[in-house]
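Take a look at the letters that make up each chain.
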Amino acid sequence: TWTSVNIVDEQVEKIRAEVGDARVICGLSGGVDSAVAAALVQRAIGDQLTCVFVDHGLLREGEAEQVEQDFVAATGVDLKVVDAAERFLGHLAGVADPEEKRKIIGREFIRVFEQAEREVVEAAPEGQPVRFLVQGTLYPDVVESGGGEGAANIKSHHNVGGLPEDLEFGLIEPLRTLFKDEVREVGRQLGLPAGIVNRHPFPGPGLAIRIVGAVDADRLRILRAADAIVREETTAAGLDAEIWQFPVVLLADVRSVGVQGDGRTYGHPIVLRPVTSEDAMTADWGRLPYDVLEQISTRITNEVDEVNRVVLDVTSKPPGTIEWE
Ligand code: XMP
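Residues numbered from 1 in each chain as written. Predicted model: local features only at pLDDT ≥ 70, side-chain atom pairs only at ≥ 80, totals over all residues.

**Brief notes about the overall build of the chain**
Then, number 1: What the chain contains, in helices and strands, is 11 helices and 12 strands.
Then, number 2: Projected onto the principal axes, the alpha-carbon positions of the chain cover approximately 70 × 45 × 35 Å.
Then, number 3: Of all 325 residues assigned to the chain, the portion counted as buried reaches 39%.
Then, number 4: Long-range contacts, defined as pairs at least 24 residues apart, comprise 78% of the intrachain contacts of the chain with a sequence gap of at least 6. (Helix = DSSP H or I, 4+ residues; strand = E, 2+ residues; numbered from the N terminus. Buried ≥ 20, exposed ≤ 12 C-beta atoms within 10 Å, placed from the backbone. Contact = placed C-beta atoms within 7 Å.)

The following block contains the structure:
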């Protein structure tokens, strides 16, 4: 019978047998899949594993720290962090087209990750070459490769075929038979922090595709502040498990007139996009309680200076998509 304890034991044994004395690399995205996969491999082979976290600077408030501090504290994993925020911002400067943003982020991500891989390979001790790459592929990814969360970047670009010829690794995919809720259960079993285990799906290109318009540091700061308020309030209201995903979107090129205190304001709208879904292929807009919406709206307009209007997206998918870009 399926239990998370059985899965952990079974996978630990299998990974040990397969890896032997070799070294292993795992990319972390901040998402639940790559975190659980890494924790499982860490449980099996300890310090033969090196994790690589490319911080593209497009994550939400606190998420990079969650990987760099909480995940490391919970697992003791050897983590290599690459702070590439400025590089990504530089390449994204002035780019408003959604697909162009995705292309740039995907391309730069591969470059930065491959460079980090090379450094890990070069730093490996004599007689302990890096031979394997861990991927957080789930059962539904095996059946069909559709939208996903942050790990999707690593998934689609770092399969064996896509690796440069001088870096050939075997793949370790310890979650291949599991569904998302089972992965979360395994993560809990491995002692991962709730913030990681319960994280909603999040797109690889991150907040860049939640800023409608060009991305810059100031716009990221505004969106991050609004998004953090939304997450605080939905978590406090106990709504996380009901909501599939809750994109918060900054309409950076739109301004509207408002009034606050004695003065006229000319600020940006924030769009709330809570959705319910089974698999992200179709979705419905989430019917959040009015008092939660009110609290979110009041806090965002009070606490984030540049925002003077909060609107609710009541479109299902189709015809809308979950993300605005
Ligand atoms: P849409 O917006 O197409 O999103 O309804 C469906 C699911 O896919 C996620 N998504 C992405 N994930 N890279 C990703 O890794 C992307 O470029 C991307 N675009 C959308 C979205 O968050 C939702 O879960």
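**Focus on the sheet that holds strand 1 (residues 23-28)**
Then, number 1: Spatial ordering of the open sheet is given by 3-2-1-4-5, a layout of five strands whose pairing is parallel. At either margin of the open sheet sits one strand with a lone partner, and together these are strand 3 (78-83) and strand 5 (170-172). Neighbour-to-neighbour, the strand axes of this sheet turn through a mean angle of 30 degrees, independent of strand direction.
Then, number 2: For strand 1 and strand 2 (residues 49-55), the ladder comprises five bridges, and the chain directions are parallel. Within strand 2, the position partnered with G27 by the bridge is V52.
Then, number 3: Lying over the sheet, helix 2 (residues 32-45) contacts strand 1, strand 2, strand 4 (130-134) and strand 5, oriented at roughly 160 degrees with respect to strand 1. (Pairing = 2+ DSSP bridges. Axes fitted to C-alpha atoms, helices over the stretch in contact; angles between N-to-C directions.)

**Points about the nonpolar core**
Then, number 1: Grouped together as the largest cluster of nonpolar side chains are 68 residues, with contacts concentrated most on V24, C26, V36, A38, V41 and A226.
Then, number 2: Here this core gathers at least three residues from each of two domains, domain 1 (4-197) and domain 2 (216-312).
Then, number 3: The residues touching A226, leaving out its near neighbours within four places in the chain, are V248, I270, I300, V304 and V307. (Core = buried A, V, L, I, M, F, W, Y, C linked by C-beta atoms within 7 Å. Domains from an automatic or database assignment.)

**A short note on the domain arrangement of the chain**
Then, number 1: Taken as a whole, the chain is organised into domain 1 (4-197) and domain 2 (216-312).
Then, number 2: Using C-alpha coordinates to define each centre, domain 1 is positioned 29 Å away from domain 2.
Then, number 3: Contact residues are listed per partner, giving five residues for domain 1 and seven residues for domain 2.
Then, number 4: Broken down by class, the residue content of the side of domain 1 that touches domain 2 amounts to one nonpolar, two polar and two charged. (Nonpolar A, V, L, I, M, F, W, Y, C, P; charged D, E, K, R; others polar.)

**Some thoughts on helix 8 (residues 180-189)**
Then, number 1: Looking only at helix 8, the buried set comprises V183, R184, E185, V186 and G187.
Then, number 2: Next to the buried residues of helix 8 lie helix 1 (4-19), helix 2 and helix 9 (194-197).
Then, number 3: G191, located one to two residues past helix 8, shows a positive phi value of around 80 degrees.

**A short note on the pairing of strand 1**
Then, number 1: Across the six residues that make up strand 1, a large majority, six, are buried.
Then, number 2: The sheet contact formed by strand 1 and strand 4 spans four bridges and is parallel. Bridge pairing in strand 4 places I25 opposite L133.
Then, number 3: Considered for its hand, the β-α-β crossover made up of strand 1, helix 2 and strand 2 is right-handed. (Right-handed = clockwise from strand over helix to strand, strands pointing away.)

**Remarks on the UniProt feature "binding site: ATP" (unreviewed entry) in the chain**
Then, number 1: Cross-referencing UniProt, the feature "binding site: ATP" (unreviewed entry) maps to S29, G30, G31, V32, D33, S34 and A35 in the present numbering.
Then, number 2: Structurally, D33 can be placed in helix 2.
Then, number 3: Relative to the helices and strands, S34 is located in helix 2. (UniProt positions renumbered as here; feature names shortened; annotations may be inferred.)

**Brief notes about the confidence of the model for the chain**
Then, number 1: Confidence in the prediction for the chain averages 93 pLDDT; 93% of positions are at 70 or higher.
Then, number 2: Counting contacts from residues 146-162, a segment whose pLDDT is below 50, to residues more than four positions away or on other chains yields 40 contacts.
Then, number 3: Taken together, the chains of this predicted complex give a pTM of 0.91 and an interface ipTM of 0.99. (pLDDT = per-residue confidence, 0-100.)

**Some points on the pairing of strand 3**
Then, number 1: Two elements, strand 2 and strand 3, share six bridges in a ladder whose sense is parallel. When the bridges of strand 3 are listed, T50 appears paired with D78.

**Some words on the environment of G136**
Then, number 1: By the element assignment, G136 lies in the loop between strand 4 and helix 6 (139-143).
Then, number 2: In the structure, G136 is positioned 124 residues away from Q260 in sequence and 47 Å away in space, judged by C-alpha atoms.

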